Amino acid sequence: MATIKSVAVYCGSRLGHQKGYQALARDVGRHIGEQGLRLVYGGASVGLMGSVADGALHSGAEVIGVLPEVLKDKEFAHKGLTQLLEVRDMHERKSKMSALSDAFIALPGGIGTLEELFEMLTWHYLKIHQKPCILLNFDGYYDGLLSFLKHSLNEGFSAPMPQLWVSDQLDDVFAALATGDAPAAMKPLA
């Protein structure tokens, strides 16, 4: 597996109801900086997106935000980034984030987070890229989604997803990023 130097993080533009979500996002950003990685994310200053960027910036990471024109006013562009790339639309955002990243992490979020993660999983399946997709299942946030994905697999509508690495432990996520391979504790969906 290639060395991972740049990580795209998908997460909510809201903070969610549980205070632990914001702390998680900051910790992910902080770990990215401490490991000398670059953060690529959606470019907003609000929600978990802003928290992950702030955590990375405070740890000295290079942070690149990719913000579509349509969200410029709604998501409040982060003013302290290393670089803010403005793109035409969501399609260009996903393409640009993929091109700039060696791996993808999904934190808690809504349908936008899921849409971005699923597109990267689809691209991996179609061999458009071979980059790991990591689902951080913080406090069981994604248990329902994982149950559905297993159901889809069992019903014959999905193939096994060895490219989707799942863990509820931040240490597993960063061990995977350091080695470019999922540790034994991080089981792919198969």
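Computed from a predicted structure; not experimentally measured. (Residues numbered from 1 in each chain as written. Predicted model: local features only at pLDDT ≥ 70, side-chain atom pairs only at ≥ 80, totals over all residues. Heavy atoms only, no water.)

Student: Now, about the nonpolar core: what can you tell me, with residues and values included?
Tutor: Counting 33 residues, the largest nonpolar core has Val9, Val28, Leu39, Leu107 and Leu177 as its most contacted members. Elements with a minimum of two residues in this core: β1 (6–10), α1 (19–34), β2 (38–41), α2 (47–58), β5 (103–106), β6 (133–136) and α6 (170–179). Contacts of Leu177, omitting those with residues within four sequence positions, involve Ile4, Val7, Gln35, Leu37, Ala103, Ile105 and Ile134. Ala8, Leu121, Leu146 and Leu149 belong to the second largest nonpolar core, which has 22 residues in total. (Core = buried A, V, L, I, M, F, W, Y, C linked by side-chain atoms within 4.5 Å. Buried < 20%, exposed > 50% of the residue type's maximum accessible area, 1.4 Å probe, protein only. Helix = DSSP H or I, 4+ residues; strand = E, 2+ residues; numbered from the N terminus. Contact = heavy atoms within 4.5 Å.)

Student: Describe in detail the pairing of β1, supporting the description with residues and values.
Tutor: With five of five residues buried, β1 is to be regarded as a mostly interior element. Because side chains alternate across β1, one face comprises the buried residues Ser6, Ala8 and Tyr10, and the other comprises Val7 and Val9, equally buried. The pairing of β1 with β2 spans three bridges and is parallel. Within β2, the position partnered with Ala8 by the bridge is Val40. As for the winding sense of the linkage, the β-α-β connection from β1 through α1 to β2 is right-handed. With four bridges connecting them, β1 and β5 associate as parallel partners. Its bridge partner being in β5, Tyr10 is matched across the sheet by Ala106. (Pairing = 2+ DSSP bridges. Right-handed = clockwise from strand over helix to strand, strands pointing away.)

Student: How would you sum up the pairing of β6? Please name residues and give values.
Tutor: Burial along β6 is two-sided: the face carrying Cys133 and Leu135 and the face carrying Ile134 and Leu136 are both buried. Pairing of β5 with β6, which is carried by three bridges, proceeds in the parallel orientation. Bridge pairing links Phe104 to Cys133 in β6. In this fold, the crossover linking β5 to β6 by way of helix α4 (residues 111–125) has right-handed handedness. Bridge count between β6 and strand β7 (residues 161–167): four bridges; the pairing is parallel. Each bridged residue has a counterpart across the sheet, and for Leu135 the counterpart in β7 is Val166. As a crossover connection, the stretch from β6 through helix α5 (residues 143–154) into β7 is right-handed.

Student: Tell me about the side chain of Ser101, residues and numbers included.
Tutor: By the element assignment, Ser101 lies in the loop between α3 (90–100) and β5. A polar atom in the side chain of Ser101 sits 2.7 Å from the backbone oxygen of Met97. Contacts of Ser101, omitting those with residues within four sequence positions, involve Ser6, Val7, Ala8, Val40 and Lys131. (Polar contact = N/O pair within 3.5 Å; in protein donor to acceptor, adjacent residues only side chain to side chain.)

Student: Any chance you could break down a nonpolar patch on the surface for me, citing the residues and the numbers?
Tutor: A contiguous nonpolar patch, built from Tyr125, Leu126 and Ile128 and spanning about 360 Å² of accessible area, is present on the exposed surface. With respect to the helices and strands, the residue Tyr125 is situated in helix α4. Tyr125 gets classed as exposed once you look at its relative accessible area, which sits at 55%. (Patch = residues over 30% accessible without salt bridge, like charges linked within 9 Å, V, L, I, M, F, W, Y side chains within 5 Å. Areas by Shrake-Rupley, 256 points an atom, 1.4 Å probe, with all protein chains shown as cover. Salt bridge = Lys/Arg side-chain N within 4 Å of Asp/Glu carboxyl O.)

Student: Any details on the environment of His91? Residues and values, ideally.
Tutor: One can find His91 in helix α3. With 72 residues separating them in the primary sequence, His91 and Gln163 have C-alpha atoms 22 Å apart.

Student: If you had to explain the side chain of His78 to someone new, which residues and values would you point to?
Tutor: Among the secondary structure elements, His78 is positioned in the loop between β3 (63–68) and β4 (83–87). Polar contacts involving the side chain of His78 include one to the main-chain amide nitrogen of Gly80, which spans 3.0 Å. With residues up to four places along the chain from it excluded, the contact list for His78 reads Tyr41, Gly43, Ala44, Ser45, Gly50, Ala53, Asp54, Leu57 and Leu84.

Student: Please give an account of the packing of aromatic side chains that cites residues and values.
Tutor: Summed over all chains, the structure comprises four aromatic pairs. Residues Tyr21 and Tyr141 carry aromatic rings whose centres are separated by 5.8 Å and whose planes lie at 80° to one another, so their mutual orientation is edge-to-face. Separated by 120 residues along the polypeptide, Tyr21 in helix α1 and Tyr141 in the loop between β6 and α5 bring together distant segments of the chain. These aromatic residues form a ring-pair network of at least three members: Tyr21, Phe138, Tyr141 and Tyr142. (Phe/Tyr/Trp six-rings, centres within 6.5 Å; stacked < 30°, edge-to-face > 60°.)

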